[in-house]
Structures are given as structure tokens and as C-alpha cells.
Amino acid sequence: MKMTFAAAFAAGLAVSAPAIAQEWNMPTPYGDTTFHTINIQQFAADVAGATDGGLNITVHSAGSLFPHAEIKNAIRSRQVPLGEFFLSRLANDDLAYGIDSQPFLATSYEDGAKLWAAQRPVVEALLAEEGLKVLFAVPWPAQGLYTNGEIKTVDDLSGLRFRAYNAALEEFATLAGAAPVQVEASDIAQAFATGQVEAMITSPSTGANSKAWDFVTHYTQIDAWLPKNIVVVNAREFDALSDDVQAAVLEAAAAAETRGWEMSMAEAAAKTQIMKDNGIIVVAPSPELVEGLQAIGATMLENWKANASEEALSILTAYQN
Ligand code: PCA
């Protein structure tokens with residue numbers, strides 16, 4: 001039987017004052033059909049459920065609330081309490097953030113999990129200095145190569161206008177003799193349609209979501225790295241929550257991390273199949289291409305090591321041991 005607060009009070013029952021529901025806005029750069037977005041929608045639903053509507057998170061997808069480049073600072077300055085972004089975009093602040101985008105360093109989910117275990121404490125400490133708290137991180141499926149026509153060697157990439165999403169991919173494209181152009185995931189189809197770019201490296205998720213069959217013929221499964229999205233909350237906003245609500249957020253975050261990694265694994269095969277069904281020719285890389293790409297990866301790792309902070313280097317050491 002339900003009673004109003006007043007009725008319960010009048011009946012002399014012990015009741016606590018009804019808490020005021022909190023509304024949080026959560027920006028992400030990625031669209032609604034992206035598995036990461038589906039995962040954070042579930043995270044929001046879990047938090048609302050566990051707190052009985054005490055904390056309601058509204059997800060704003062596809063950069064609709066803040067453009068990708070501004071999301072982290074919007075959380076820092078408390079324009080929004082939390083948000084999601086591509087972790088390696090912060091590599092200009094510290095190379096520790098970008099280690100998951102080093103080619104061929106961690107290419108399986110098992111290695112990706114080991115790398116995140118080594119990277120997480122460093123990322124947590126760096127972000128804590130900026131008043132940010134890590135909730136969870138989820139990898140995209142392994143990154144592959146989208147082109148018109150088959151790419152048999154690195155030389156075939158020479159001169160191509162190449163879509164990039166972070167500094168590491170820009171370096172990769174440059175070392176391959178291509179011309180990098182930064183384009184957000186939600187703008188990929190447009191960038192190909194207008195000839196701004198003519199090749200890219202991304203996951204089968206982003207390839208299928210942007211209908212890559214409309215603008216390329218081949219997908220080469222180079223499975224080069226597993227870059228991650230991260231969800232962070234402003235530490236002051238988090239600390240202001242009641243203990244119960246904090247616990248609910250952390251529990252939902254842990255569940256979202258586990259679920260997100262599982263969703264990512266399922267995506268890789270499912271979205272590759274969707275690309276095949278739509279006419280994309282899916283190929284394994286030639287040994288010459290693998291060799292050439294691995295040489296680029298080795299150069300990039302040397303550059304990374306030469307410029308990395310102590311903290312960043314400690315991730316590599318921990319991962320390799
Ligand atoms: N999709 C995002 C990041 C990595 C990925 O697989 C993108 O292409 O921007």
C-alpha cells in the first residue's frame with residue numbers, strides 16, 4: 001500500500017525526507033547507433049534504477065551538446081558533470097593517454113585488457129590532477145583499413161587523403177606517405193562524399209555505421225590497435241552525491257565496463273558481416289603490407305618512447321612485463 005509523505009508522517013511512521021532528484025547531462029561525440037552510446041544509455045538507466053530516480057542522466061549523442069574537442073574541458077569546468085570522449089585525443093597533454101593507439105602494441109582483447117590495467121592507474125592520477133574521476137573505459141574493435149581498390153603494400157597508400165581521428169593516426173598516415181585530415185566519426189560519410197578524404201582506418205563499427213560501402217570498395221583487416229573511449233565525472237560533482245548514490249554510480253560504471261568490452265567483441269564480427277552483406281570486399285593484408293605497417297608501428301613506438309613522460313613509460317614497462 002502506498003502512502004503520501006504527509007500521511008506517513010501523520011501516521012507517525014519513520015520516514016526520511018524525499019530526496020530531490022538530480023538531473024545530469026552527459027555529452028558524447030558518437031551517434032545513437034554506436035555501441036558505446038547504447039552502453040552509456042544502459043549505464044544511465046542503471047543509475048536511475050538503482051537510485052530510484054534520484055540521479056537521472058540524459059545522454060546527448062553525436063556532439064550535440066559539446067563538440068568532441070570541448071567535452072573534457074566542459075566536465076572540468078563543470079558545465080556538465082560527466083561525459084564520454086576518445087581517450088587518445090588527450091595524447092597532446094601526456095603520451096600516457098595515447099598508448100592504446102600505438103600500432104600493433106595490443107591488438108587482441110586480452111592484450112587490450114592488460115594494457116588498460118597498466119594504463120588505468122596512470123590515467124586516473126593524471127586526470128585527478130585536473131579534478132576528473134575515471135568511471136570506465138571501453139575499446140573499439142580492432143582498427144582496419146578502408147580504401148578504394150586493394151592495398152597490397154604501404155606504397156599504395158602514398159598520396160591518399162587519409163581521414164584521422166587523433167595524433168597517432170596522423171603520424172601513421174604521414175609515415176605511410178598519405179595526407180592526414182582530421183574528421184569526426186559523425187562527419188565521415190560527408191567527408192568522403194565531398195572528396196575531403198579517400199581512405200581511413202577505423203573499426204568495423206564505425207565503418208558499418210557510416211555506411212562505408214557508399215564510398216569505398218575494400219576493407220583490409222589489419223587489426224592494428226584497440227583505442228578506447230573513456231567516461232569521466234567531475235570529482236567535485238561526484239563527491240557532492242550522497243554515499244548511496246556514489247555507490248550506485250560506481251556499481252553501474254563497473255557493470256558498463258564489463259558489458260562494453262563484451263559488446264565490443266560481438267561488434268567486430270557482426271559489423272564486418274554487415275559490411276560484407278553490403279558489398280564491401282573484406283580481405284586479409286598481404287605479408288608485404290603487414291611488414292610495411294609493422295615498420296611504421298616500430299618507428300612510432302620509438303618516437304613515443306623518446307617523448308613519453310616517466311608515467312607514460314611506466315605503462316609500457318608494466319604492460320611488457
Ligand atoms: N571509431 C571512432 C574511433 C575509433 C573507432 O573505431 C572513429 O573512427 O572516430
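Residues numbered from 1 in each chain as written. Predicted model: local features only at pLDDT ≥ 70, side-chain atom pairs only at ≥ 80, totals over all residues. Heavy atoms only, no water.

Visitor: So what exactly am I meant to see when it comes to the packing of aromatic side chains here?
Guide: To describe a pair of aromatic rings, one takes the distance between the centres and the angle between the planes. Applying the stated criterion to the full structure yields eight aromatic pairs. Aromatic pair Phe86 and Tyr165: ring centres 4.9 Å apart, planes at 80 degrees, arrangement edge-to-face. On the criterion of sequence distance, the pair formed by Phe86 in strand S3 (residues 82–86) and Tyr165 in the loop between strand S6 (161–164) and helix H5 (167–175) is long-range, its members being 79 residues apart. (Phe/Tyr/Trp six-rings, centres within 6.5 Å; stacked < 30°, edge-to-face > 60°. Helix = DSSP H or I, 4+ residues; strand = E, 2+ residues; numbered from the N terminus.)

Visitor: Please explain the pairing of strand S8 (residues 199–202) as it appears in this structure.
Guide: Residues Ala199 and Ile201 point to one face of S8 and Met200 and Thr202 to the other, with burial holding for every one of them. In terms of strand pairing, strand S5 (residues 144–147) meets S8 through three bridges, oriented antiparallel. Residue pairing across strands places Gly144 opposite Thr202, the latter belonging to S8. (Buried < 20%, exposed > 50% of the residue type's maximum accessible area, 1.4 Å probe, protein only. Pairing = 2+ DSSP bridges.)

Visitor: Looking at this model, I keep getting lost on the nonpolar core. Mind explaining?
Guide: A general tendency of soluble globular proteins is for nonpolar side chains to be buried together. By size, the foremost hydrophobic cluster in this structure holds 101 residues, and its most contacted members are Phe43 and Ile230. Looking at which element gives the most residues to this core, the answer is helix H4 (residues 109–128), with eight residues. Those residues in contact with Phe43 that lie beyond four places of it in its chain are Ile57, Leu82, Leu135, Phe136, Val249, Ala252, Ala253, Ala256 and Arg259. (Core = buried A, V, L, I, M, F, W, Y, C linked by side-chain atoms within 4.5 Å. Contact = heavy atoms within 4.5 Å.)

Visitor: Would you take a moment to explain the packing of H4 against helix H9 (residues 243–277) for this structure?
Guide: Any two packed helices are characterised by how steeply their axes cross, that is the angle between the axes, and by the distance between the axes. In contact at an axis separation of 12 Å, H4 and H9 are set at 150 degrees when each is read in the N-to-C sense. Note that H4 runs across H9; the crossing there is right-handed. Between H4 and H9, the residues in contact are Tyr109, Gly112, Ala113, Trp116 and Arg120 and Glu257, Trp261, Ser264 and Met265, respectively. (Axes fitted to C-alpha atoms, helices over the stretch in contact; angles between N-to-C directions. Left-handed = near helix turned anticlockwise from the far one by under 90°.)

Visitor: What should I look at first to understand the pattern of salt bridges in this one?
Guide: Should their charged atoms come close, side chains of opposite charge can pair. All told, the structure shown has 13 salt bridges when counted by the stated rule. With a closest N to O distance of 2.7 Å, Arg89 and Glu184 form a salt bridge. Of this pair, Arg89 sits in the loop between S3 and H4 while Glu184 sits in the loop between strand S7 (179–182) and helix H6 (188–193), placing them 95 residues apart in sequence. By relative accessible area, Glu184 is classed as partly exposed at 23%. We note a salt bridge from Lys305 to Glu302, for which the minimum N-O separation is 3.6 Å. Linking Lys305 with Glu302, this pair stays in helix H10 (residues 287–307), spanning three residues, or about one helical turn. For Glu302, a relative accessible area of 47% puts it in the partly exposed group. Each member of the salt-bridge network shares a partner with another, and the members are Lys72, Arg76, Asp93 and Glu130. (Salt bridge = Lys/Arg side-chain N within 4 Å of Asp/Glu carboxyl O.)

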